[in-house]
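Observations on chain architecture
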Amino acid sequence: MTHDATHPRILVLEDEVDIARLICNGLDGYGFRCEHHQTGRRFLQMARQSPPDLAIVDLGLPDMDGMQVIRELQEHSPCAVLILTGRNDVTDRVLGLELGADDYLVKPFEPRELVARVRSILRRYLRSAEASDAAASPGIAVFSGWRFDLGRHMLITPDGREVSVSATEASMLTALLKSPNRILTREQLIGERDIDPYDRSVDVRISRLRRKLEDDPQNPALIKTVYGAGYLFCSSVSWE
């Protein structure tokens, strides 16, 4: 299939050539532009040169740990991330989400499920970008001494330090800021109608936002859990 620059670009980090070929061939058939690398260092180098729309990352690599790759990727070249790995441990799944991954798929996988998950992640990112564009004016939320720059996905602390958030975290925080003092369901926060009841991705990202915003994340004052209902942002919000 031929591609142009309008097709999403995907970087694939996978040291097993046969699996990488399966991933790339499956996505290529749906119009995605895939670029495969076998080592974490080369993958990060290419991501810095040209950040992809989405990264598919294996955790078991010959030169470095996949979690470290995700950490460095989100620090220097933030993008959507799908972990695709043979590790099926809950700890790995949670750690990956805490580092900024958007989804976690275990090998062996069904290629059609991979395509569906890639599409779902990219839809979320598109909605986040559209929300940022729509909110370009006003584009800065002010609350409890904090400022949040929607266009840059950047929090500014009361003492002036900058703290970056991932695109998915920015989308969730924007939803909270636009509906202060109202309960939002997990579905409203992530923009998906059907969420698996065991899907912890929303809760993990709320936890990450709390660690960035709260003095005591275990006893949050800004983002409160309303058990059985969702989350509540407890602050007045003004816009600039």
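Starting afresh in each chain, residues are numbered from 1 along the sequence in its written order. In view of the model being predicted, local features appear only for residues whose pLDDT reaches at least 70, and side-chain atom pairs are presented and counted only at 80 or more, with totals across whole chains, interfaces and linings using the full set of residues. To obtain the side-chain values, all non-hydrogen atoms of the structure were included, while hydrogens and water were left out.

All right, on to the pattern of salt bridges then. For this document, the term salt bridge refers to a Lys or Arg side-chain nitrogen within 4 Å of an Asp or Glu carboxyl oxygen. Under the criterion given, the structure shown has 18 salt bridges. As a salt-bridge pair, Glu14 and Lys107 come within 2.7 Å of each other at their nearest N and O atoms. Of this pair, Glu14 sits in the loop between strand S1 (9–13) and helix H1 (17–28) while Lys107 sits in the loop between strand S5 (103–106) and helix H5 (111–134), and the two are 93 residues apart along the sequence. Neither residue differs from the other here; Glu14 and Lys107 are each classed as buried. For Arg186, the salt bridge identified is with Asp203, shortest N-O distance 3.5 Å. Residue Arg186 is found in helix H7 (residues 186–190), and its partner Asp203 is found in helix H8 (residues 201–213); the two are separated by 17 residues along the sequence. Take Arg186: its relative accessible area is 18%, and that puts it in the buried class. Only protein chains enter the calculation, and the probe is 1.4 Å; a residue is then buried if its accessible area is under 20% of its type maximum, exposed if over 50%, and partly exposed in between. Overall, Asp203 belongs to the partly exposed group, its relative accessible area being 25%. Going along the chain from the N terminus, every DSSP run of H or I of four or more residues is numbered as a helix, and every run of E of two or more is numbered as a strand.

With that settled, consider the pairing of strand S7 (residues 146–149). Paired strands, as defined in this entry, are two strands with at least two bridges between them according to DSSP. Summarising the sheet, strand S6 (residues 140–143) and S7 pair through 4 bridges and their orientation is antiparallel. Opposite Val142, over in S7, you have Arg147 as the bridge partner. Between the end of S6 and the start of S7, which pair antiparallel, lie 2 residues, with Ser144 showing a positive phi angle near 50 degrees. Across 3 bridges, S7 lies against strand S8 (residues 154–156) in antiparallel orientation. Paired with Arg147 across the two strands is Ile156, which belongs to S8. Between S7 and S8, which follow one another and run antiparallel, lie 4 residues, and His153 among them has a positive phi close to 55 degrees.

Confidence of the predictor at the level of single residues is given by pLDDT, which spans 0 to 100. Taken over all residues, the pLDDT of the chain has a mean of 85, while the share at 70 or more is 88%. Any two residues whose heavy atoms approach within 4.5 Å at even a single point are treated as in contact. Throughout residues 1–5 the model reports pLDDT below 50, and contacts reaching past four residues in sequence, or to other chains, amount to 11 contacts.

Of note, the bond from Lys107 into Pro108 is cis; its omega dihedral lies within 30 degrees of zero at -10 degrees. Here Ser144, not a glycine, exhibits a phi torsion of approximately 50 degrees, which is positive. With respect to the element layout, Ser144 can be found in the loop between S6 and S7. At His153, a position not held by glycine, the phi torsion is positive, near 55 degrees. Structurally, His153 is set in the loop between S7 and S8.

The next subject is the layout of surface pockets. Definitions used throughout: a 1 Å grid over protein atoms alone; a cavity as a set of points that fits a 1.4 Å probe which cannot get out; a pocket as an open set with protein on both sides within 12 Å along at least five of seven lines; a lining residue as one with an atom within 4 Å of a point. Grid points are joined across faces, edges and corners, and a volume is the space filled by probe spheres set on the points. Empty space within the second largest pocket amounts to approximately 470 Å³. Lining the second largest pocket are 20 residues, and of these Gln74, Pro78, Ser164, Val165 and Ser166 lie nearest its centre. Among the secondary structure elements, those contributing two or more residues to the lining of the second largest pocket are helix H3 (66–76), H5, helix H6 (167–178) and H8. The element contributing the most residues to the lining of the second largest pocket is H3, with 4 residues. Here the residues of the lining of the second largest pocket sort into 9 nonpolar, 6 polar and 5 charged. Amino acid classes used here: Ala, Val, Leu, Ile, Met, Phe, Trp, Tyr, Cys and Pro are nonpolar; Asp, Glu, Lys and Arg are charged; the rest, including Gly, are polar.

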